Structure formats: structure tokens, C-alpha cells
Amino acid sequence: MANDPSASELSISLQGQLLLASPGLRDGTFDRSVIILAEHSALKGAFGMIINHRTDATVGDLLPDNELASLHKLPVHHGGPVATDELTFSSFTWNDTTGLGYIPRISAKVAATLVKKPDHIVQAIIGHSAWTAGQLENELLGNTWITAKPTKAILTHPNDISLWNELLKNISPYHHLLSQAPPNPFLN
């Protein structure tokens, strides 16, 4: 078993890492997506959320409860095609020593408290993205996704479609060129 390459591949976890959609992935849902993986195991599958696709809604449109007033103006993001009827909240912090602190699911009451703290970014997300066992690994082998470590840009750059470009261009010179690809190269 120790010499079996598939066994060593199965031990790699991308939990807490980012998936950036390949420029060729133009399916609508994942086009220029940045996904943070909350869970990943080749044996169990993966779960994550798109963090850079804003919807036109705010939390106040969905939860007008006065107890959650501090969240009312928070934009709602489209986290993926699974469970699109579920609104969740995530918390992001940055530490220069340890990097990104990420809690994928917090309650609305905790989010209402954390959104007031300058060192926390709270994001409201409808839906999520999920992969069955081995599915993400196959997509990675097919170059559907580019993996990246989270950077402080997640907290300092607007979490909109431009985040994909910002993160991609800083991976390498090759990726910088990819980030410059037009949305539809056939229109050039």
C-alpha cells in the first residue's frame, strides 16, 4: 500500500484552500469563481462556498428581524448550486502569522456580533458547492480548478467577481496571463 500512488494522493486535503475556476470554465455558476473549501477528503468528498459571486439581495431583504439589524446591509453571495434555499454566514479573519481564520457556518446571532468587529469579515451566502468522493480530484486532474492558498486579499479586496482576477494574477506569471483572458475569447 505504501508504494501505491493513489493511496498517497488520497491523503492530501485541500481544506481551507481556495479553488479558482479555470478561465475555460464558463458554465455560469462557476464562471470566474473563488471557492473556499470548508471540508475536503478524497474518500468523503468536498464542500465549499463561492465567495465572490454577489446576488442583488442583502440580508435585510431575507431576514428583516430587528435583532439582526447590523446584518441588514450585508450583501448576499451565491455560494453554489446546492441548497440554494439555505442562508448561512461565514466568518473570516487574518493573522499575519497563522494566515486565514475561516469558520464556514456561524449562526445569524453570532454573525450580527462579529460584523461589528473590524478584524472580522462576515459573509452571507445562499447555497454551497459540493463534490462526491473523488469528484473534485478528477476535476483537478482535468484542470477545471486552480488551487491557491488564501491571502489577505480575501479580506481587503471586494468579494466580487474581481477577486478571481486579483488572486489568479498573483500566483505566477503564467497565471497572470490567464487572469487577463477576456470573458469570451471568441468575441475578439
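Scroll up to find the structure this text is about.
About the thresholds
- Residues numbered from 1 in each chain as written.
- Predicted model: local features only at pLDDT ≥ 70, side-chain atom pairs only at ≥ 80, totals over all residues.
- Heavy atoms only, no water.
- Phe/Tyr/Trp six-rings, centres within 6.5 Å; stacked < 30°, edge-to-face > 60°.
- Helix = DSSP H or I, 4+ residues; strand = E, 2+ residues; numbered from the N terminus.
- Buried < 20%, exposed > 50% of the residue type's maximum accessible area, 1.4 Å probe, protein only.
- Core = buried A, V, L, I, M, F, W, Y, C linked by side-chain atoms within 4.5 Å.
- Contact = heavy atoms within 4.5 Å.
- Pairing = 2+ DSSP bridges.

## Focus: the packing of aromatic side chains
Thought 1: Applying the stated criterion across every chain yields a total of 3 aromatic pairs.
Thought 2: Judged by centre distance (5.5 Å) and plane angle (85°), the rings of phenylalanine 30 and tryptophan 145 are edge-to-face. With phenylalanine 30 in the loop between strand S1 (18-21) and strand S2 (34-41) and tryptophan 145 in strand S9 (residues 145-148), this pair connects stretches of sequence that are 115 residues apart. As far as burial versus exposure is concerned, phenylalanine 30 and tryptophan 145 are alike and both buried.
Thought 3: Each member of the aromatic cluster is reached from another via a ring pair, and the members are Phe30, Trp131 and Trp145.

## Looking at the nonpolar core
Thought 1: With 33 residues, the main nonpolar core has Leu20 and Trp145 as its most contacted residues.
Thought 2: Those elements that place two or more of their residues in this core are S1, S2, strand S3 (45-50), strand S7 (99-106), strand S8 (121-131), S9, helix H5 (153-156) and helix H6 (162-169).
Thought 3: With 5 residues, the single largest contributor to this core is S2.
Thought 4: Setting aside residues no more than four positions away along its own chain, tryptophan 145 makes contact with Leu19, Leu20, Ala21, Ser22, Leu25, Phe30, Ile35, Trp131, Leu136, Glu139 and Leu140.
Thought 5: Val76, Leu114, Val122 and Ile126 belong to the second largest nonpolar core, which has 13 residues in total.

## Observations concerning the environment of glycine 79
Thought 1: Note that glycine 79 resides in the loop between strand S5 (75-78) and strand S6 (82-95).
Thought 2: Take glycine 79: its relative accessible area is 0%, and that puts it in the buried class.
Thought 3: Spatially, the C-alpha atoms of glycine 79 and methionine 49 are 4.5 Å apart, while their sequence positions differ by 30 residues.
Thought 4: Not counting chain neighbours up to four residues away, the residues in contact with glycine 79 comprise Gly48, Met49, Ile50, Ile125, Ile126, Gly127, His128 and Ser129.

## Digging into the pairing of S2
Every other side chain in a regular strand lies on the same face of the sheet, so the side chains alternate between the two faces.
Thought 1: S2 sits mainly inside the fold: 6 of its 8 residues count as buried.
Thought 2: As defined by bridge partners, S1 adjoins S2 across 3 bridges and the pair is classed as antiparallel. Note that in S2 the partner of leucine 20 across the bridge is valine 34.
Thought 3: Bridge count for S2 against S3 is 6 bridges, and the pairing is antiparallel. Its bridge partner lying in S3, serine 41 is registered against glycine 45.
Thought 4: Linking two consecutive strands that pair antiparallel, namely S2 and S3, is a turn of 3 residues.

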